[in-house]
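For reference, the chains in residue letters:
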Amino acid sequence: MKVLKFGGTSVGTVDSLLNVKNIVDSLEEPGIVVVSALGGLTDGLISTARMAADGDEGFRQSMKLMAQRHFDIINTLVPREHRSDVRQTVAEFLSQLEDIYMGVSLIGCLPDKVLNRIVSFGERMSSIMVANILRDAEHADPLDFIKTNKEYGRDVLAAGQTRKLIGERFAGKLPRTVVTGGFISRDIYTGEITNLGRGGSDFTAALIAEAAGAEVLEIWTDVDGFMTADPRIVKDARVIDFMSYTESDVLCRHGAKVIYTPTIRPVREAGIPMRVLNTHNVEAPGTLIGAEAPAGGSGVCGLACMKDVALILCRCNAASEERMQQLSSLLTKHGIETVCGGRSLGKPFLAIKNADADMAGKVLGDYAGSCNAEGDCMPVFVGDLSMITVVGHGLDNIDGLRDNLEKSLADNDIDMVAVNHSANDNEDFSEFFVPASGSADALKCLHSCCF
Ligand code: ADP
Ligand code: ASP
Ligand code: MG
């Protein structure tokens, strides 16, 4: 059995859905198909909700357009014998959605739990449609088996319950094809609809692959595979044929948006190989993600870019690990997530999201006061940066690579605010922090230094 996940880029239009149909209908083994909402729909559901909350009457028209997109697809692709049932199910979802938008517009605010309900309609509608477009397919409701609970106010996966429920739902002989929606979930205690975070359909697919014992997880998208850099920025980026779980995890964690980061853990733990494939070019072999790179080997795998980061930098080498730990837990206490941490030229740093800059500034002020740090030992804050990361294995064995990377930034007049070379716990990478305005140039320059 395999699990195949089709993202919004694969289920956005009639043509791309026909490709999905060709791929799944020709499977020779049972397949569990996980789909996202129609391409761009989750963004549309959110922006329409904001319009309604802000008193912008345009939400009505926006809602109509979203509805029409679904009906156009149903009318073109769902076989006649199921068409009216599917139309009716989708119409019922749309009518619930409309009621919620009206409510939001009346009260003029958009609580998180209402937004969670709103965005859930994307996958609820697309999965019913796809189940009726594919041959001999059954529909499974993800709200029955993907469960979350609240931790410090955030919805996090209820891993044990989810694994058990998936195991039960997909036990025994599977039908030819089962289609389910990605991304959405239900709170195990309150029953409220929640989700796994933006891009979370990849994660749903990995959880199902792990708990249902799939032989492979296929992530079908709109590019020929995991590439050496974001192809929208680096035109000569190439497809990576093979990469290890660790390399993919590090790339995703550092901003490679092609796979949602939490996806890697379940497949890695279960030793399930993962393939990234192109729905619009089925001939392309794609990228295989699997076992770790052989010890002693070396090579650059790819580069990732994360925008909108900020740094908290200590200027003296003496700042102890303990101090950084204290600072990091203080940030966590204030709801500020640390993106990563390390040492740049011997001096410790923490990277956070730029959006947390104001709060971090206050935390930093309090911290400096409490530990009597002054002068050079007072940590400084640098905002509006991008982090470009070169990821691979055995990077220290590649003659002069790390020095050449730094030199190529300098040669191209790109200011390097901080750099962190790391080869710990199997993870081998170099992070470069550059001003946000220079991030595309830095990515291109570092990419051409590596490939
Ligand atoms: P989906 O709807 O299939 O989940 P996403 O938009 O989430 O698609 O991810 C696919 C997109 O990720 C591609 O269209 C590509 O532009 C972008 N991308 C960013 N970095 C990479 C990378 N390193 N390799 C491949 N694609 C990347
Ligand atoms: N539809 C959701 C999103 O746009 C989940 C996904 O596509 O993976 O974030
Ligand atoms: Mg995605």
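See the structure above.
Calculation notes
Residues numbered from 1 in each chain as written. Chains lettered and ligands numbered in written order. Predicted model: local features only at pLDDT ≥ 70, side-chain atom pairs only at ≥ 80, totals over all residues. Heavy atoms only, no water. Helix = DSSP H or I, 4+ residues; strand = E, 2+ residues; numbered from the N terminus. Rg over C-alpha atoms; globule rule 2.2 N^0.38 Å. Buried < 20%, exposed > 50% of the residue type's maximum accessible area, 1.4 Å probe, protein only. Contact = heavy atoms within 4.5 Å. Areas by Shrake-Rupley, 256 points an atom, 1.4 Å probe, with all protein chains shown as cover. Lys, Arg positive; Asp, Glu negative; His and termini not counted. Charge placed at Lys NZ, Arg CZ, Asp CG, Glu CD. Pairing = 2+ DSSP bridges. Near = heavy atom within 4 Å. Polar contact = N/O pair within 3.5 Å; in protein donor to acceptor, adjacent residues only side chain to side chain. Nonpolar A, V, L, I, M, F, W, Y, C, P; charged D, E, K, R; others polar. 1 Å grid on protein atoms, 1.4 Å probe; cavity = no way out; pocket = protein on both sides within 12 Å on 5 of 7 lines; lining within 4 Å. Points joined across faces, edges and corners; volume = space filled by probe spheres on them. Expected span 1.5 Å × (residues − 1). Core = buried A, V, L, I, M, F, W, Y, C linked by side-chain atoms within 4.5 Å. Axes fitted to C-alpha atoms, helices over the stretch in contact; angles between N-to-C directions. Phe/Tyr/Trp six-rings, centres within 6.5 Å; stacked < 30°, edge-to-face > 60°. Lys NZ or Arg CZ within 6 Å of the ring centre and 35° of its normal.

> Residue-level account of the overall build of the chain, with values.
Scanning the chain from terminus to terminus reveals 13 helices and 18 strands. Scaling as 2.2 N^0.38, a compact globule of 451 residues should have a C-alpha radius of gyration of about 22 Å, and the chain matches this with 24 Å. Seen along its three principal axes, the alpha-carbon backbone of the chain occupies a region of about 75 × 55 × 40 Å. Split into buried and exposed, the 451 residues of the chain put 51% on the buried side. Taking contacts inside the chain between residues at least 6 apart in sequence as the whole, the part at least 24 apart equals 75%. As presented, the chain carries roughly 20000 Å² of accessible surface, and 49% of it is formed by carbon and sulfur atoms. Taking the average location of the 43 positive side-chain charges in the chain and that of its 61 negative ones, the two points are 4 Å from each other.

> Please set out the pairing of strand β16 (residues 380–393) residue by residue, giving values where relevant.
In the sheet, strand β13 (residues 299–313) pairs with β16 via 11 bridges, with the strands oriented antiparallel. Its bridge partner being in β16, Cys 305 is matched across the sheet by Ile 388. Across eight bridges, the pairing between β16 and strand β18 (residues 427–435) is antiparallel. Paired with Ser 386 across the strands is Val 434, a residue of β18.

> Tell me what's going on with the site of ligand 1, and back it up with residues and numbers.
Taken together, the neighbourhood of ligand 1 is formed by 17 residues, with Lys 5, Thr 9, Thr 221, Asp 222 and Met 227 sitting nearest. Contact between ligand 1 and Thr 9: an oxygen atom at 2.7 Å from a side-chain N or O atom of the residue. With respect to ligand 1, the side chain of Arg 232 contributes an N or O atom lying 3.1 Å from an oxygen atom. Isolated, ligand 1 exposes 580 Å² of accessible area, and the fraction of that covered by the protein chains is 84%. Tallied by class, residues from the shell around ligand 1 come to seven nonpolar, five polar and five charged.

> Explain empty space enclosed by the protein to me, and be specific about the residues and the numbers.
Rolled over the atoms, a probe with the dimensions of a water molecule shows which regions are left empty. The full count for this structure, using the stated rule, is one cavity of 30 Å³ or more. The volume enclosed by the largest cavity comes to roughly 50 Å³. In terms of lining, the largest cavity is formed by Leu 157, Ala 159, Thr 162, Arg 163, Ile 166, Leu 207, Glu 210 and Arg 265. Elements represented by at least two residues in the lining of the largest cavity include exactly α6 (159–169) and α7 (201–212). It is α6 that contributes the most residues to the lining of the largest cavity, four residues altogether.

> Explain the environment of Gly 394 to me, using residue names and the numbers behind them.
Assignment of secondary structure puts Gly 394 in the loop between β16 and α12 (401–411). Classification of Gly 394 by relative accessible area gives buried; the value is 18%. Each C-alpha atom, one on Gly 394 and one on Asn 132, is 48 Å from the other, the two residues being 262 residues apart in sequence. The residues touching Gly 394, leaving out its near neighbours within four places in the chain, are Gly 297, Ser 298 and Asp 428.

> Give a detailed account of α7, specifying residues and quantitative values.
Residues spaced three or four apart along an α-helix point in a common direction, a consequence of the helix completing one turn every 3.6 residues. Given a rise of 1.5 Å per residue, 12 residues ought to cover 16 Å, and the 16 Å separating the end C-alpha atoms of α7 matches this to within 8%. Those residues of α7 not exposed but buried are Ser 201, Asp 202, Phe 203, Thr 204, Ala 205, Ala 206, Leu 207, Ile 208, Ala 209 and Glu 210. Just downstream of α7, Gly 213 is the residue with a positive phi angle, here 70°.

> Please set out the nonpolar core residue by residue, giving values where relevant.
With 53 residues, the main nonpolar core has Phe 6, Val 33, Val 90, Leu 94, Leu 97, Tyr 101 and Ile 118 as its most contacted residues. Of all the secondary structure elements, the ones that give two or more residues to this core are β1 (2–6), α1 (14–25), β2 (31–35), α2 (41–53), α3 (59–77), α4 (80–107) and α5 (112–133). The dominant element in this core, judged by the number of residues it contributes, is α5, at 10 residues. Discounting residues that sit within four places of it in the chain, Leu 94 has contacts with Met 63, Ala 67, Phe 71 and Met 125. Core analysis: the second largest hydrophobic core is formed by 41 residues, Leu 174, Phe 226, Ile 289 and Ala 304 among them.

> Lay out the sheet that holds strand β8 (residues 193–195) in plain terms, naming residues and giving numbers.
Across the sheet, four strands lie side by side as β5-β4-β7-β8; this open sheet has mixed pairing. In this open sheet, the two edge strands, each paired with only one partner strand, are β5 (154–157) and β8. Taken over all neighbouring pairs, the strand axes of this sheet differ in orientation by 50° on average, direction set aside. Here strand β7 (residues 184–187) pairs with β8 via three bridges, running antiparallel. Counted as the bridge partner of Arg 186 is Ile 193 from β8. Docked against the sheet, α5 engages β5, β7 and β8, running at close to 75° with respect to β8.

> With reference to specific residues and values, describe the packing of aromatic side chains.
On inspection of all chains with the given rule, the structure shows six aromatic pairs. Arranged with centres 5.9 Å apart and planes meeting at 65°, the rings of Phe 93 and Phe 121 form a pair that is edge-to-face. Of the two residues, Phe 93 sits in helix α4 while Phe 121 sits in helix α5, which places them 28 residues apart along the sequence. Like Phe 121, Phe 93 is buried. Ring geometry for Phe 349 versus Phe 433: centroids 5.2 Å apart, planes at 70°, classification edge-to-face. Here Phe 349, found in strand β15 (residues 347–353), pairs with Phe 433, found in strand β18; they are 84 residues apart in sequence, far enough to count as distant. In this pair, the class of Phe 349 matches that of Phe 433, namely buried. The ring of Phe 121 is capped by Arg 124, whose NZ or CZ atom sits 4.6 Å from the centre of that ring.

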